[in-house]
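Architecture and fold: a report
Each chain, written out:
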Amino acid sequence: MNILVVGGGGREHAIIQKLKEDKRAEKIFALPGNGGIAADAVCLGGSATDIPGVIAAAKRCAADFVVVAPDDPLVLGMVDALEAEGFACFGPRKNAAVIEGSKAFSKELMKKYGIPTAAYEIFTDMDRALTYVETCPLPAVVKADGLALGKGVLICETREAAREAVRSMMEGRLFGDSGATVVVEEFLTGPEVSVLSFTDGETAVPMASSMDHKRALDGDQGLNTGGMGTIAPNPCYTPEIAAECMEKIFLPTIRAMQAEGRPFKGCLYFGLMLTPDGPKVIEYNCRFGDPETQVVLPLLESSLLEIMLAISEGRLAETEVRFSEKSACCVILASRGYPEKYEKGFPITLPAAGRDERIYIAGAVERDEKLLTSGGRVLGAVSVAEDLPAAIESAYALADRIHFDNAYCRRDIGRRAMKALEEKK
Ligand code: AMP
Ligand code: GLY
């Protein structure tokens, strides 16, 4: 089979390496791909959101199957357009991707179907939003309705901060048109868990749970980023909580989407908070998480290609999805200064990765057979081991063997999870 993967980050690198384990994957193409992915797939360049460009590329490489990984092409309707041209795809159609594309949509869906989430109000009128934040409970969580690279959420401790957040999103368009509508919601507390779930619209098969580390600096300080590291499975997510989430969140969401005439086929990401009142949904994503995928897929023992084909053909219930009992840790090596200003163009030296190690490249270009940094998040150093402490230790040992100028990583990935493990004992 010829497979085209749309996207070009660390998540896509992990997906491509996993797809390659299936012998049926003869040729893999990535659009755009990146300098590191080029070791595993033919990188086509171009833009992941260019619908006519992706269709032309799919035709050119005679793709038998197309995997659309990032949120923005999914929300734009990339899968609908590819399917209209006769391509089999992995990923939700536009009318289902809206579960991530509009926070107002997802909040209304949860309210209508009784799915636990933070209490909220939706505003399209700035004056009404400003009036609301004069009396709402603090801290207030102000969210831009649309996609904002995971950064469209401001947690406001004071009324002044809440007013400023509303103004900057609705008037200053801090996140562009994504902020034309805002959601103001209740502040929840508790450990966060990410659960990616395979679904063909009827059946939900959750993957190994994980924990992201979104803030730039150790101790969860500094700005929000796309994610500085992950561990899986998440020790806060016990089998009892998993069963409760299946019953109260995962299945009700899949059924709600079906009832709305928006069957969700692909990977549905549940961002959860385990609050004192039980698990609640913080956000849905219509795709694999980045960098969650980098720790979840190395634990998958079944064929990813088979699962993806089964989902596109609506036969997930009969398909084997087995995860290893081991643990994984991903440490992101970023360019110093990310997520603000940083320099790029530095050569990267990569060691040979061992059997339980993976290096997924996110932001690098190839020049004269050298790999040069080209992004904020440059790569993920991933290790799989018998337990979480060993996975963390070996992921850092791997990260410390990788070199480029101005490399920066958090030194405490997994520390929160380790604390939770100790408290469980
Ligand atoms: P989101 O982009 O919706 O995942 O939000 C980014 C981050 O903001 C989440 O991972 C949480 O840490 C935090 N967050 C979002 N909503 C809430 C909430 N209602 N209460 C507390 N923290 C939140
Ligand atoms: N790691 C969070 C996300 O992919 O949105």
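Further up the page is the structure itself.
These notes cover the structure that comes with them. Nothing here was measured: the structure is a model prediction, and the numbers come from that model.

1. Considering the pattern of salt bridges
Taken as a whole and assessed by the stated rule, the structure comprises 27 salt bridges. The partner of Lys-59 in a salt bridge is Glu-85, with the nearest N and O atoms 3.1 Å apart. Within this pair, whereas Lys-59 is found in helix H2 (residues 51–60), its partner Glu-85 is found in the loop between helix H4 (78–84) and strand S5 (89–90), the two being separated by 26 residues in sequence. The salt bridge partner of Lys-214 is Glu-283, with a shortest N-O separation of 3.9 Å. Taken as a pair, Lys-214 in the loop between strand S12 (211–212) and strand S13 (215–217) and Glu-283 in strand S17 (residues 278–285) lie far apart in primary sequence, 69 residues in all. Exposure remark for Glu-283: the relative accessible area of 19% places this residue in the buried category. Within the structure, one salt-bridge network assembled from shared partners comprises Asp-22, Arg-24, Glu-306, Glu-313 and Arg-315.

2. Brief notes about the site of ligand 2
Around ligand 2, the surrounding shell consists of Asp-212, Gly-226, Tyr-269, Asn-285, Arg-287, Gly-289, Asp-290, Pro-291 and Glu-292. Between ligand 2 and the protein, one listed contact pairs an oxygen atom with a backbone N or O atom of Asp-290 at 2.9 Å. Contact between ligand 2 and Glu-292: a nitrogen atom at 2.7 Å from a side-chain N or O atom of the residue. If ligand 2 stood free it would expose 200 Å²; the protein chains cover 90% of that surface. Within the shell around ligand 2, the residues separate by chemical class into two nonpolar, three polar and four charged.

3. Here's the deal with the environment of Asn-285
When you line up the elements, Asn-285 lands in strand S17. Look at Asn-285 and you get buried, because its relative accessible area is 4%. C-alpha of Asn-285 to C-alpha of Gly-8: the two residues are 277 residues apart in sequence and 18 Å apart in space. Dropping the residues within four chain positions of it, Asn-285 is found in contact with Glu-100, Cys-267, Leu-268 and Tyr-269.

4. A look at H2
Among all positions of H2, only Val-54, Ile-55, Ala-57 and Ala-58 are buried. Along the axis of H2, the buried residues cluster in a sector spanning 160°; they form a single face. Those residues of H2 that are exposed and angled more than 90 degrees off the buried face are Pro-52 and Arg-60. In this structure, the buried residues of H2 make contact with strand S1 (2–7), strand S2 (27–32), strand S4 (65–68) and H4. One side-chain oxygen of the residue at the start of H2 lies 3.0 Å from the amide nitrogen of Gly-53, identifying that residue as Asp-50. In the segment just after H2, Ala-62 is the residue with positive phi, at about 45°.

5. Structural notes on the packing of helix H5 (residues 94–101) against helix H6 (residues 103–112)
Interhelical geometry of H5 versus H6 gives an angle of 95° and a closest axis separation of 6 Å. Here H5 lies roughly perpendicular to H6, going by the angle between them. Here H5 contributes Val-98, Ile-99 and Gly-101 to the contact with H6, which in turn contributes Lys-103, Phe-105, Ser-106 and Leu-109. Residues of the contact of H5 with H6, tallied by class, amount to four nonpolar, two polar and one charged.

6. A look at the layout of surface pockets
Of the volumes computed, that of the second largest pocket is approximately 250 Å³. Lining the second largest pocket are 16 residues, with Met-207, Ala-208, Ser-209, Pro-233 and Phe-323 positioned closest to its centre. A per-class count over the lining of the second largest pocket returns ten nonpolar, three polar and three charged.

7. A short note on the pairing of strand S18 (residues 327–335)
Counting buried positions over the nine residues of S18 gives nine, a clear majority of the element. Side-chain alternation along S18 places Ser-327, Cys-329, Val-331, Leu-333 and Ser-335 on one buried face and Ala-328, Cys-330, Ile-332 and Ala-334 on a second face that is also buried. Note that strand S15 (residues 229–232) and S18 share four bridges and pair antiparallel. Each bridged residue has a counterpart across the sheet, and for Ala-232 the counterpart in S18 is Ala-328. Pairing of S18 with strand S23 (residues 407–408) involves two bridges; the strand directions are antiparallel. For Ala-334, the partnering residue across the bridge sits in S23 and is Tyr-408.

8. Focus: the sheet that holds S4
Taking strand neighbours across the sheet as the criterion, the five strands line up as S3-S2-S1-S4-S5 in an open arrangement whose pairing is parallel. Whereas interior strands pair on both sides, the edge strands pair on one side only; in this sheet they are strand S3 (42–43) and S5. In this structure, S2 lies alongside S3, joined through two bridges in parallel fashion. For Ala-30, the partnering residue across the bridge sits in S3 and is Cys-43. The strands touched by helix H1 (residues 10–19) are S1, S2 and S4; relative to S1, the strand with the most contacts, the crossing angle is about 165°. Packing of helix H11 (residues 304–312) onto the sheet brings it into contact with S1, S4 and S5, and relative to S4 it is tilted by some 95°.

9. Side note on the environment of Asp-277
Inspection of the secondary structure assignment puts Asp-277 in the loop between strand S16 (266–275) and S17. Residues Asp-277 and Leu-188, 89 residues apart in the sequence, show an inter-C-alpha distance of 9.9 Å.

10. Describing the packing of aromatic side chains
What describes a pair of aromatic rings is the distance from one ring centre to the other and the angle between the planes of the rings. With the rule as written, the count across this model stands at six aromatic pairs. Judged by centre distance (6.0 Å) and plane angle (35°), the ring pair of Phe-90 and Phe-288 falls under tilted. Here Phe-288 lies in the loop between S17 and helix H10 (293–296) and Phe-90 lies in strand S5, a separation of 198 residues in the sequence. This pair shows no difference in class: Phe-90 is buried, exactly as Phe-288 is. With a centroid separation of 5.7 Å and an interplanar angle of 70°, the aromatic rings of Phe-270 and Tyr-284 are classed as edge-to-face. Taken together, the residues Phe-270 in strand S16 and Tyr-284 in strand S17 connect sequence positions 14 residues apart. As far as burial versus exposure is concerned, Phe-270 and Tyr-284 are alike and both buried. Site record: aromatic cluster; members linked through ring pairs are Phe-90, Phe-198 and Phe-288.

Calculation criteria
Residues numbered from 1 in each chain as written. Chains lettered and ligands numbered in written order. Predicted model: local features only at pLDDT ≥ 70, side-chain atom pairs only at ≥ 80, totals over all residues. Heavy atoms only, no water. Salt bridge = Lys/Arg side-chain N within 4 Å of Asp/Glu carboxyl O. Helix = DSSP H or I, 4+ residues; strand = E, 2+ residues; numbered from the N terminus. Buried < 20%, exposed > 50% of the residue type's maximum accessible area, 1.4 Å probe, protein only. Near = heavy atom within 4 Å. Polar contact = N/O pair within 3.5 Å; in protein donor to acceptor, adjacent residues only side chain to side chain. Areas by Shrake-Rupley, 256 points an atom, 1.4 Å probe, with all protein chains shown as cover. Nonpolar A, V, L, I, M, F, W, Y, C, P; charged D, E, K, R; others polar. Contact = heavy atoms within 4.5 Å. Arc of directions from axis to C-beta. Axes fitted to C-alpha atoms, helices over the stretch in contact; angles between N-to-C directions. Parallel < 35°, antiparallel > 145°, perpendicular 65-115°, else oblique. 1 Å grid on protein atoms, 1.4 Å probe; cavity = no way out; pocket = protein on both sides within 12 Å on 5 of 7 lines; lining within 4 Å. Points joined across faces, edges and corners; volume = space filled by probe spheres on them. Pairing = 2+ DSSP bridges. Phe/Tyr/Trp six-rings, centres within 6.5 Å; stacked < 30°, edge-to-face > 60°.

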